[in-house]
Amino acid sequence: MEQWVRQELEKTDLGDPRRTNRFMKIVSNLSNKPESSVPEASGTWAETKATYDFWDSPYIKPAQLRKGHVDATVERIKNHQIVLAIQDTTELNYTTHKAVKGVGYLDSKYASGLKVHSTLAATTEGLPLGIIDQYVWARAPKSLGKAAKRSQKSTEEKESQRWLDALKNTLYIIPNSQKVVTIADREADFYDLFACANREKADFLIRATQNRCLEFSSNHLKAEMELVEPQATMTVELKRNPTRPSRVATLTIRYKTLTIQPPKNRAKQEKLSPLELQVILVRESSAPSEAEAIEWWLLTTLPITCIEDVTTYVSWYSYRWLIERYHYVLKSGCGIEKLQLETAERLEMALATYSIVAWRLLYITHLARSAPDASCEIMLSHREWQALYATIYHKSYPHSSPPTLGEAVGWIAKFGGFLGRKHDGFPGVKTLWRGLRRLDDIMTGWLLFNQLKTT
């Protein structure tokens, strides 16, 4: 079993040591071949059946599977004074799996599956530390088509409540000695989340979409910010997504402290108070002709004392894409939407398992960039990196100390199709998960070869 699995899940308690060991074995199998099907990753029919039986166990809940990883994440968080808690929602689409029970409709009423809201902890340098909160639900079919009555419901009755719950859970889980900044995209731009953070004395950095009314001004928020002259410029690296390639963008920055008015379409209006926020307007000054220019309207409770504070916060917001990459690894790397399981309960058990595998892939990819000179034994066993080097170079490793993490990840990525040319930059998570699958096959042959040598 992988050493990192035992370390990551050492605090996992499933009520029986045999269950805990089985869970660790499943995570180890799936992490070695993340792109493979469950039978292929498991290796044998006995291991495959044990995995499916585990996900079907009535004695284990998904929260128990996540608990050990959350505890390990909190330990990593303790090494950082400031941590970014990045929230986002995604869909797991099982429309083509007609036999699955317990799923609900998705944003398209013709699609069915599960909704997943996750909170990913990251450092202020963009290193993903782990999942600290995850909520899974299926929309009830009886609520389909009732969006017109949505405005009549309280936040507690809406899906919006998940943002507030995740913020509270984050603050409960992370020690008070650490400063937490909640980061989210435009879906989180609603007054109740701001007010909740204000009550909890929590900081947030959220991309705005609503053009809000202001106290002390006849202008709305966007018109007021247009009156502010640009105060700085900065460059950020924009990561690739389905709508754009990666590029370096030059951004102009404006900022101002504004007080937003509470919503006026609520009962008990007298209980809602105006909120003072920092507003940051970020615009790309010269986007490529074929690309959509970046424009971020950011709302935050973080203090601004100088322009360096603002550029720091913009950099922090740019790491929001990490949770999109996490969801991408879950779906494209781990194939969570391809699982042929019969119930939503089993799918959530599988999700809780694959969530650890997906985080680990993302973590190693970024750790190799931020700490390339660290020992590769953070990731690989002695035998694994020996087999890796021998396969790449057709000879034994010539040095006494292990290769660096950057070197080892580069070698694994070559198995996944990474060319490693000067202009190719760092390997991505996709080439890493493909390379790990090859490495697992190589290790099987390596162990067999060394076993035959001793007989």
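Residues numbered from 1 in each chain as written. Predicted model: local features only at pLDDT ≥ 70, side-chain atom pairs only at ≥ 80, totals over all residues. Heavy atoms only, no water.

Here's the deal with the side chain of Thr170
Within the secondary structure, Thr170 sits in helix α6 (residues 161-173). Non-local contacts of Thr170, meaning those with residues more than four positions away in its chain, are made with Ala85, Thr119, Ile132 and Val180. (Helix = DSSP H or I, 4+ residues; strand = E, 2+ residues; numbered from the N terminus. Contact = heavy atoms within 4.5 Å.)

Brief notes about the pattern of salt bridges
One pass over the structure, following the stated rule, counts 29 salt bridges. Glu324 serves as the salt-bridge partner of Arg320, at 2.1 Å between the closest nitrogen and oxygen. Taken together, the shared-partner salt bridges in this structure form one network comprising Glu91, Asp107, Lys115, Arg139, Glu159, Arg162 and Glu187. (Salt bridge = Lys/Arg side-chain N within 4 Å of Asp/Glu carboxyl O.)

Concerning the nonpolar core
Judged by nonpolar contacts, the single largest core of 106 residues is most densely connected at Trp55, Val314 and Tyr354. Residue contributions to this core peak at 17 residues, all from helix α11 (residues 344-370). Dropping the residues within four chain positions of it, Tyr354 is found in contact with Leu30, Ser36, Val38, Trp55, Leu330, Cys334, Ile336 and Leu339. (Core = buried A, V, L, I, M, F, W, Y, C linked by side-chain atoms within 4.5 Å. Buried < 20%, exposed > 50% of the residue type's maximum accessible area, 1.4 Å probe, protein only.)

Some points on the pairing of strand β8 (residues 247-260)
The pairing of strand β7 (residues 232-238) with β8 spans seven bridges and is classified as antiparallel. Considered in β8, the bridge of Glu237 is made with Val248. In the sheet, β8 pairs with strand β9 (residues 275-284) via ten bridges, with the strands oriented antiparallel. Pairing of Thr259 across the sheet is with Glu276, part of β9. (Pairing = 2+ DSSP bridges.)

Considering the packing of helix α2 (residues 17-32) against α11
It is the contact of α2 with α11, at a shortest axis distance of 10 Å, that shows an interaxial angle of 50°. The angle between the axes of α2 and α11 places the two elements in the oblique class. As for the relative orientation of α2 and α11, their crossing is right-handed in sense. On α11, the residues that touch Phe23, Ile26, Val27, Leu30 and Ser31 of α2 are Thr353, Tyr354, Ile356 and Val357. (Axes fitted to C-alpha atoms, helices over the stretch in contact; angles between N-to-C directions. Parallel < 35°, antiparallel > 145°, perpendicular 65-115°, else oblique. Left-handed = near helix turned anticlockwise from the far one by under 90°.)

Any functional reading would require information beyond the geometric quantities listed.
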